[in-house]
Structures are given as C-alpha cells and as structure tokens.
Amino acid sequence: MAFLTIETGVNPGKKFDLLSDESVIGRSSDCEIAVDVAAVSRRHASVLRERGQFLLKDLGSRNGTQLNGQAVVAPTPLREGDRVTVCDQEFVFHSEQPMNLLGGETTLGDESCLAQLVNDSDEQGAASANVMATLDLGPGSKSWSMSAQPEVKLAALVEISNNLGKALSVEEILPKLLDSLFKIFVQADRAFVVMRPEADAPLVPVSWRSRRKSDDEEAPRLSRTIVEQAMTSQQAILSADAASDERFSMAQSIAEFEIRSMLCAPLIDSDGDSLGVIQVDTTNQRSRFMDEDLEVLAAVASQAAVAIDNAAMHEQVVAQRALQRDLELAARMQRALLPSRAPEAAGYDFFSYYESARQVGGDYYDYIQLPDGRFAVIVGDVAGKGVSAAILMARLSSDVRFTLASEPDLAKVVGRVNSLFVQQGWEDKFVTMIFAVVDPKSHEMTLVNAGHMAPMLRGADGSVVEISEEEAGLPIGVYDGYEYESLTRTLAPGDVLTVFTDGFSEAMNSRRDLYGIERLAKVAAASAANVTELGEHILQDVRAFVDGFAQSDDMCLTCFGRNPA
C-alpha cells in the first residue's frame, strides 16, 4: 500500500495511507491528508492514482507545491523516496509494492497475522550433524572476521548502507532490509525479521517476504527453536540442510516447508541485548548457503541493528519534541488562567509571584471581582506536580469562580467546592487552599483555610501574626460533606496579608537547608513602603537564600492589603 510520511513538519513520522483514487493534502479537516498549518491552503494538492501509478497535482494553492525541490505545474508521477513539499511540510512518498531488484515479484506479508512463530522446541538435545558454521556476534566478540570475497562484502554493505542510511523509522527500515536480502542472497526463497513490536510483547515476525507467492501458499511458519537459540547464544547460524538437522528435528515448520538451507543472525543493539533475528532460507537443495553467506548476513545484521537503534532514538527525539511542544502549550494555557491584573479596589495594593518547578505546575492563585465591589483572593496547592496537577487545578479554578458567583457565604462556598472535587473522582488527589474575600467599603475580610499553611498578617507597626490556624479545616478532596469555618477580621490601614505555598517555606539551598516559616515571618515583618515593596523583599530574600539551587516544588506568593493612612 502506497503512503506518505511527514519528514519535517507539525507531526514528523506520521503516516498517511493513499487509499483513494484522489488523496487531498490541505488544511481542511475533510482532506485525506489534513495538515493544520495556516500557510497551507484548505485544498492544497492531491495524490492521484491512475492505472497503478501515483501522480502529484497542485490544486491552485496560493503557496504552491514542490516535488524534489521543483514546482509542480502539472500532474507529475511519483517514485519511491520522492519528497513532496507543501509550504514548510515535507512528505516522503513510498510506493505500494517495492520490486525485487533481481526481477520477479517480492511480496510483503501481513505482519499482523500471516507469519507466525511455532513452538517446536527440540526435546532431543543439540547435535551438529548438518551445522556448517556458527559465528559469535555477542558484545566484544572477536571470534569472526569477514573472509568472504571482497566484492561480495562490499556489495552487501553498500546495498544495506544505501537502503538504510536515510531511514528514520523502523517501519521504513524493515521493508528496505528485506529487499536488500533478496538482492544479496540470490538463492533465498524467504526472508524474515523477528522482533518484539513493543518492549514487553512476545517475539513475532514483524516483517517477511517471499520471492514468489502462489495463490495456494499457506501462511509462513518459523521455528521458535531457531530464533530463540540465535538470540540466546547471540550466534549466527548456518545449516546446510535444515530439514534434516538433528538440532532442529522437532521443528515442524522446517519439515513442512522442506527448508534445505538456512541462515539466521541475531540483531544486537548498542547495549548488547538481542532485539530479534534476521532469517533467510531456501528450498533449493542445489543452492545452499555457504560460510561466506553467513559472514555477510552477520555484517548485515550488525548494520541493521545499528539502523534500528538509530531509528528508535530518532523516534524518541521526535516524541520528546512533540511532548515539549505540548508542555509549552500547556504552560502558556496555564499562564493564561492566572489573573492578568489585580482587582479594582480603592485603597488596596496587590503583589503576586508564580513559578512552577516544571513547565506546568499545581500551584495556583486567582483574583476574582465580586458584586458590590468585593474581591476574592484564592491560593491553592495541589498534592503533586506536573501536567496532572495543572489539569486538576484548571478544573478547580473553574469550580471556584462559579461557586463564588452563586453563593454569598464563603464557608458554604468552600464546602461546595470540596463536594464537587470529591464527586469528580480525583482518587488520592487533594488540594490545600486559602479563600479570602474583602469588602473595600467596610474593610472586612472573611477567610477560610482548607488545610493550607496559615497566612501571615503584618500590621502597620511591623508585627506579624499567623491567622486562621485554629479555624483551619481539611484540604479540598479529603472528605465529602465536611463543614468549613470562616474567620472574619477588619483590616486596618497598613495591614498586609501574605499567602504562600510550601515552595517558599521549603525552598532549599545547596546545603539542603530549608528556608523555613520563621525566616519568612521575619522577612514579612520588615519595613516596607507598600505591598509591592514587601512582596519584592520576600522574593529577593528567598532567592538569596537559595543562591541558584534548583527547586523541586512550585512557588506561589500573593500579598495584598490596605495602604497606610
């Protein structure tokens, strides 16, 4: 089946099967090959299938389409490996049925269900009547060297290098590898690659080919005995007559297929672990494999393992880049949820600071303007960090805003937020929070503490007291139906409330010393002309204490209060 893969663009490595007579590339979600990029036209280009051939056609796009660097002005035939460029998105075309370079048909089997490994373990022990040679391919092995004819060795390695050198995914490598095997080993009837599709999955034939395929040919079967022996011993195996080889006398698949000669070589990764095997075999008794064939397959297996290793690393890099983009987007979205400006409250000043330990975090603060000129200040700290904590906090933020708008009693607000949180089934997650609502007309502050560290209230005389310790209730999410208590206090001129998360109190220096509550209280008592100056003073002191040591927790700080008289 022909397909396009994205080489560079929004989703490198993504594959698009060309199933229709016309597969349209464009920005529209209705396109068979949808690319969500602004510069791409809604219907930009198409791949046409006509009489078994694929053609690339530009659909009058505003930015044009290129094939191998040349502008497409008329429908142009596509060939294996051609590069299609649509704006900054580059695709690679792969033909439907690769041709055997020696002539004749080579058929790719259905990797999911046709080929299979057969459990046919040899119960009679290992003999060596027909084993022509083995080669140790394990890490650090020096037991073999290439003694095949130089032209054979060179042709094999050049073939493999050309076919695998530019492959960036395992899906690309395996078909190219099998094509190369049929060109190198002219006597081969079948070729297989056996690997684990996933790390913990069982061994299966992930790719196979037959030089000739008849209509009545049954699904191929391989001997698990041979595969496991090659992987366990990390030796390449040559059998001159596998059908009568005593070591594999119980291998039903060999007997049924009448395999006369066979090569099997393990794929060994850079860590010295066996990834799988390459196996080629023949039914022609007059065209058996020789010692030099085993040496060539050993070299091929070594190079293929390197290519698979490199492809796996490339796929990891692509996945990491995609994750990085997702995290950057999540960080921007989380920043967008934080308040962009302070409440409008005459005679009050505000300071806030937020820094996540990772790209996204679980700390949170919000300023909410309420009816009648009142305002709310919310600070929260989710148990945990990272993406899951950020998602949880985003949902909680929405619940808090909705509940504050519909319930005047702050204690009941917190109770309803707690119930909503529990009912959403966040399992073992919980959140500590401070809710403070201030009426600037009466200067009355109502505060509810849901399991959070007590805020520090600094008076105009520089005295600092921790408030709400006695009224503190359970964190949000611990117990449904819990009834919270509120504390009411009138703010005097110069009073400033400092609310913080444990990223401040537990900030650590290189000696693993904690900043601590006591030091924070002393700094909060320092003389300051206004709220902003006090907040900056706390922030500078914490930074001086940490002295550049990497922090492991999110940090959130808010200070608000009445201006001095």
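An unreviewed UniProt entry lists the chain under the name Phosphoserine phosphatase RsbU, from Posidoniimonas polymericola.

Engineer: How do you make sense of the overall build of the chain when you look at a structure like this?
Structural biologist: Secondary structure assignment for the chain yields ten helices and 30 strands. Put simply, the chain has 565 residues, and 49% of those count as buried. Total accessible area on the chain is roughly 27100 Å²; 48% of this is exposed by carbon and sulfur atoms.

Engineer: Looking at this structure, how should I read helix H7 (residues 410–423)?
Structural biologist: Residue pairs spaced three or four apart in an α-helix point in one direction, given the helix's 3.6 residues per turn. For H7, built from 14 residues, the straight-helix expectation of 20 Å at 1.5 Å per residue is met to within 8% by its first-to-last C-alpha distance of 20 Å. Along H7, the residues that are buried comprise Leu 410, Ala 411, Val 413, Val 414, Gly 415, Val 417, Asn 418, Ser 419 and Phe 421. Looking at where H7 begins, the residue whose side-chain oxygen comes 3.0 Å from the main-chain nitrogen of Ala 411 is Asp 409. Gly 425 sits one or two residues past H7 and shows a positive phi near 70°.

Engineer: Hey, could you run me through the pattern of salt bridges in this one?
Structural biologist: Pairing between side chains becomes possible if they bear opposite charge and their charged atoms approach one another. One pass over the full model with this rule turns up twelve salt bridges. One salt bridge in this structure joins Asp 281 and Arg 190, with 3.1 Å as the shortest N-O distance. Taken together, the residues Asp 281 in strand E20 (residues 274–282) and Arg 190 in strand E15 (residues 190–195) connect sequence positions 91 residues apart. Among the residues examined, Asp 281 registers a relative accessible area of 0% and is labelled buried.

Engineer: Explain helix H9 (residues 517–524) to me, please; I cannot follow it from the model alone.
Structural biologist: For H9, every residue scored as buried is listed here: Leu 520, Ala 521, Val 523 and Ala 524. Mapping the buried residues of H9 onto a view down its axis gives an arc of 165°, with all of them on the same face. More than 90 degrees from the buried face of H9, the exposed residues found are Glu 518 and Lys 522. Of the surrounding elements, those touching the buried residues of H9 are strand E26 (456–458), strand E27 (464–466), strand E29 (496–500) and helix H10 (531–546).

Engineer: Can you help me understand the packing of H9 against H10 in this one?
Structural biologist: Pairs of packed helices are described in terms of their axes, by the angle between the two and the distance that separates them. The geometry of H9 relative to H10 is characterised by a closest axis approach of 9 Å and an angle of 140° between their N-to-C directions. As far as their axial angle goes, H10 and H9 are oblique. The crossing of H9 and H10 is right-handed. Facing Arg 519, Leu 520, Val 523 and Ala 524 of H9, the residues of H10 in contact are Leu 534, His 537, Ile 538, Asp 541 and Phe 545. A breakdown of the residues in the contact of H9 with H10 according to their chemical character gives six nonpolar, one polar and two charged.

Engineer: Could you clarify how one ought to interpret the sheet that holds strand E25 (residues 444–450) in this entry?
Structural biologist: To summarise the sheet geometry, strands pair through backbone hydrogen bonds and adopt either a parallel or an antiparallel arrangement. Reading across from one edge, E22-E23-E24-E25-E28 is the order of the five strands in this open sheet, with antiparallel pairing throughout. Looking along the sheet, the strands with just one partner apiece sit at the ends: strand E22 (363–369) and strand E28 (487–490). Geometrically, the sheet is characterised by an average inter-axis angle of 15° between neighbouring strands, direction not taken into account. Across four bridges, the pairing between E25 and E28 is antiparallel.

Engineer: Looking at this structure, I do not really get the nonpolar core. What am I missing?
Structural biologist: Across soluble globular proteins, you tend to see nonpolar side chains buried next to one another. Grouped together as the largest cluster of nonpolar side chains are 30 residues, with contacts concentrated most on Leu 181, Phe 185, Val 193, Leu 263, Leu 267 and Ile 278. When contributions to this core are tallied by element, the ones reaching two or more residues are helix H2 (170–184), E15, strand E18 (235–239), strand E19 (261–268), E20 and helix H5 (291–337). Val 193 has contacts with Leu 174, Leu 177, Leu 178, Val 204, Pro 205, Val 206, Ser 207, Leu 267 and Val 277, leaving out every residue within four places of it along the chain. Counting residues in each nonpolar core, the second largest holds 25 residues, with Ala 376, Val 400, Met 433 and Val 437 among its members.

Engineer: Whenever I open this one, the side chain of Asp 269 confuses me. Can you help?
Structural biologist: Tracing the sequence through the fold places Asp 269 in the loop between E19 and E20. Polar side-chain contacts of Asp 269 include one of 2.8 Å to the backbone nitrogen of Asp 273. Contacts of Asp 269, omitting those with residues within four sequence positions, involve Leu 275 and Asp 309.

Engineer: Please clarify how the sheet that holds strand E5 (residues 45–50) should be interpreted in this entry.
Structural biologist: The strand order E4-E3-E5-E6-E9 describes an open sheet built from five strands, whose pairing is mixed. Looking at the sheet topology across the chains shown, the edges are occupied by strand E4 (33–34) and strand E9 (76–77). Both strand E6 (residues 53–58) and E9 contribute to a ladder of two bridges, which runs antiparallel. Considered in E9, the bridge of Leu 56 is made with Thr 76.

Engineer: Looking at this structure, how should I read the packing of aromatic side chains?
Structural biologist: Aromatic rings in a pair are described by how distant their centres are and how their planes are angled relative to each other. As enumerated under the stated definition, the model contains 13 aromatic pairs in all. When the ring of Phe 192 is compared with that of Trp 208, the centres are 6.3 Å apart and the planes differ by 20°; the resulting orientation is stacked. Of this pair, Phe 192 sits in strand E15 while Trp 208 sits in strand E16 (residues 204–210); the two residues are 16 residues apart in sequence, bridging distant segments of the chain. Plain terms: the ring middles of Phe 350 and Phe 560 are 6.3 Å apart, the flat faces sit at 20° to each other, and that makes the pair stacked. You can see Phe 350 sitting in strand E21 (residues 348–355) and its partner Phe 560 sitting in strand E30 (residues 555–562), a full 210 residues away along the chain. The burial state of Phe 350 is the same as that of Phe 560; both residues are buried. For Lys 15, the ring lying beneath its charged end belongs to Phe 3, and the centroid distance is 4.4 Å.

Engineer: Sorry, what's going on with a nonpolar patch on the surface here?
Structural biologist: Residues Phe 430, Leu 474, Val 478 and Tyr 479 make up a contiguous nonpolar surface patch of about 360 Å² in total accessible area. Given a relative accessible area of 48%, Val 478 falls into the partly exposed group.

Engineer: Just to check I follow, could you spell out the side chain of Ser 468 for this structure?
Structural biologist: Summarising the element assignment, Ser 468 is placed in the loop between E27 and E28. A polar atom in the side chain of Ser 468 sits 3.1 Å from the side chain of Asn 449. When neighbours within four sequence positions are excluded, Ser 468 is seen to be in contact with Leu 447, Asn 449, Ala 454, Pro 455 and Leu 487.

Engineer: Looking at this structure, I do not really get the pairing of strand E11 (residues 89–94). What am I missing?
Structural biologist: The side chains of a regular strand alternate between the sheet's two faces. Of all six residues that make up E11, six are buried, and the element is covered over most of its length. As paired strands, strand E10 (residues 83–86) and E11 are joined by four bridges and run antiparallel to one another. Residue pairing in the sheet places Val 86 in a bridge with Gln 89 of E11. Hairpin connection between E10 and E11: a loop of two residues separates the two successive antiparallel strands, and Cys 87 in this loop has a positive phi of roughly 55°.

Engineer: Help me out: how do you make sense of unusual backbone geometry in this one?
Structural biologist: Among all residues except glycine, the phi angle is most often negative; among peptide bonds, the trans geometry is most common. You will see that His 443, though not glycine, has its phi angle at about 60°, which is positive. By the element assignment, His 443 lies in the loop between strand E24 (431–439) and E25.

Cut-offs and rules
Residues numbered from 1 in each chain as written. Predicted model: local features only at pLDDT ≥ 70, side-chain atom pairs only at ≥ 80, totals over all residues. Heavy atoms only, no water. Helix = DSSP H or I, 4+ residues; strand = E, 2+ residues; numbered from the N terminus. Buried < 20%, exposed > 50% of the residue type's maximum accessible area, 1.4 Å probe, protein only. Areas by Shrake-Rupley, 256 points an atom, 1.4 Å probe, with all protein chains shown as cover. Expected span 1.5 Å × (residues − 1). Polar contact = N/O pair within 3.5 Å; in protein donor to acceptor, adjacent residues only side chain to side chain. Salt bridge = Lys/Arg side-chain N within 4 Å of Asp/Glu carboxyl O. Arc of directions from axis to C-beta. Contact = heavy atoms within 4.5 Å. Axes fitted to C-alpha atoms, helices over the stretch in contact; angles between N-to-C directions. Parallel < 35°, antiparallel > 145°, perpendicular 65-115°, else oblique. Left-handed = near helix turned anticlockwise from the far one by under 90°. Nonpolar A, V, L, I, M, F, W, Y, C, P; charged D, E, K, R; others polar. Pairing = 2+ DSSP bridges. Core = buried A, V, L, I, M, F, W, Y, C linked by side-chain atoms within 4.5 Å. Phe/Tyr/Trp six-rings, centres within 6.5 Å; stacked < 30°, edge-to-face > 60°. Lys NZ or Arg CZ within 6 Å of the ring centre and 35° of its normal. Patch = residues over 30% accessible without salt bridge, like charges linked within 9 Å, V, L, I, M, F, W, Y side chains within 5 Å.

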